[in-house]
Amino acid sequence: MKFDKSFPARLAGLGAVALLVAGCASLSGPSPAELDAQFKAMMQSSFRDQGIAKVDRLQQDEGQAACSTGTAPDEATARRIEAQSLTTVKAPSDGKYLGDWKEGEKLAQNGRGMTWTDKSAESSANGGNCYNCHQISKQEISFGTIGPSLYNYGKLRGVTDPASPAVKAMVEYTWGKLNNAWAYNACSNMPRFGHKGLLNEKQLQHLMALLLDPKSAVNQ
Ligand code: HEC
């Protein structure tokens, strides 16, 4: 391109036009509230119930709404969400916190479930998908890092006998975390497995064993 004296002037002119266009767009475009309404209508018209996947998945509970604004909820709201979440955690009905760690490992590996082709949430037995976010055993080298490593989870916390009163608080905390992660951390990315019916009590007991049984591959 030939550089002539009028080039900088033309460039400045172009800039001014761009600014004008941008300015007009922001003046005449929809307001945030209108965009929200349009978005809601689009979501509602784009999805329908199919099998077990119902459109009610679009309804946020109070905690989800408070955690989805783009900024973290204030301290008081966060503590309220945690306290409310803790009330949803029930002790295991048979009094046993730990199941079979090998079953737990299978669940941690399994990321399927909740799809519209499943007959029902109960009959299809969802997986836990834990490796998607956590390192767990050393044998599995494919894992996500959204959550902290859980390798040596029980060992690092001094759990040599999960039934001992000395580790009761740790066992109960872990049970609470798996049942409803928000009980200890409002707005956590971790799914609320028990609370949302993603995993049943038996499955949660197996996952507890994976993390806390001294014989589990996690604690070697
Ligand atoms: C979508 C990502 C995600 C999935 C899936 C997930 N977690 Fe988590 N998890 C996290 C995050 C993020 C944290 C850290 C923040 C927090 O404490 O909530 C966490 C924290 C934890 C903690 C507490 C660790 C500590 O040191 O206190 C435990 C235990 C845990 N996860 C176990 C599991 C198990 C078992 C599964 C599978 C059933 C699982 N997680 C699935 C994201 C996930």
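Up top is the structure.
Throughout what follows, the structure given in this document is the object of discussion.

Surveying the vicinity of the ligand reveals 23 residues, the closest of which are Gly128, Cys130, Cys133, Gly147 and Ser188. Counting residues per element, the ones that place at least two in the shell around the ligand are helix H8 (168-179) and helix H9 (201-212). Considering every element that reaches the shell around the ligand, the biggest residue donor is H8, with 3 residues. Split into classes, the residues belonging to the shell around the ligand amount to 13 nonpolar, 9 polar and 1 charged.

A few words on the packing of H8 against H9. Direction vectors running N to C along H8 and H9 enclose 130 degrees, while the axes themselves pass 10 Å from each other. It follows from the interaxial angle that H8 and H9 lie oblique. Where H8 crosses over H9, the handedness of that crossing is right-handed. Touching Val171, Thr174, Trp175, Leu178 and Asn179 of H8 are Leu204, Leu207, Met208, Leu211 and Leu212, all from H9. Here the residues of the contact of H8 with H9 sort into 8 nonpolar, 2 polar and no charged.

A word on the environment of Asn129. Structurally, the position occupied by Asn129 is in the loop between helix H6 (121-124) and helix H7 (153-156). Judged by the 20 C-beta atoms lying within 10 Å of it, Asn129 falls in the buried class. When the C-alpha atoms of Asn129 and Leu107 are compared, they prove to be 7.0 Å apart, with 22 residues separating the residues in sequence.

Membership of the largest hydrophobic core comes to 23 residues, with the highest contact counts inside it found for Ala108, Ile136, Leu207, Met208, Leu210, Leu211 and Leu212. Contributing elements (two or more residues each) for this core: helix H5 (101-109), H8 and H9. Ranked by residues supplied to this core, first place goes to H9 with 7 residues. Leaving out residues up to four positions away in the same chain, Ile136 has contacts with Ala108, Cys130, Tyr131, Phe143, Leu150, Tyr151, Leu210 and Val218. In terms of nonpolar packing, the next biggest core, distinct from the first, is built from 6 residues, Ile81, Trp182, Ala183 and Ala186 among them.

Each value, and the rule that gives it
Residues numbered from 1 in each chain as written. Predicted model: local features only at pLDDT ≥ 70, side-chain atom pairs only at ≥ 80, totals over all residues. Near = placed C-beta within 6 Å. Helix = DSSP H or I, 4+ residues; strand = E, 2+ residues; numbered from the N terminus. Nonpolar A, V, L, I, M, F, W, Y, C, P; charged D, E, K, R; others polar. Axes fitted to C-alpha atoms, helices over the stretch in contact; angles between N-to-C directions. Parallel < 35°, antiparallel > 145°, perpendicular 65-115°, else oblique. Left-handed = near helix turned anticlockwise from the far one by under 90°. Contact = placed C-beta atoms within 7 Å. Buried ≥ 20, exposed ≤ 12 C-beta atoms within 10 Å, placed from the backbone. Core = buried A, V, L, I, M, F, W, Y, C linked by C-beta atoms within 7 Å.

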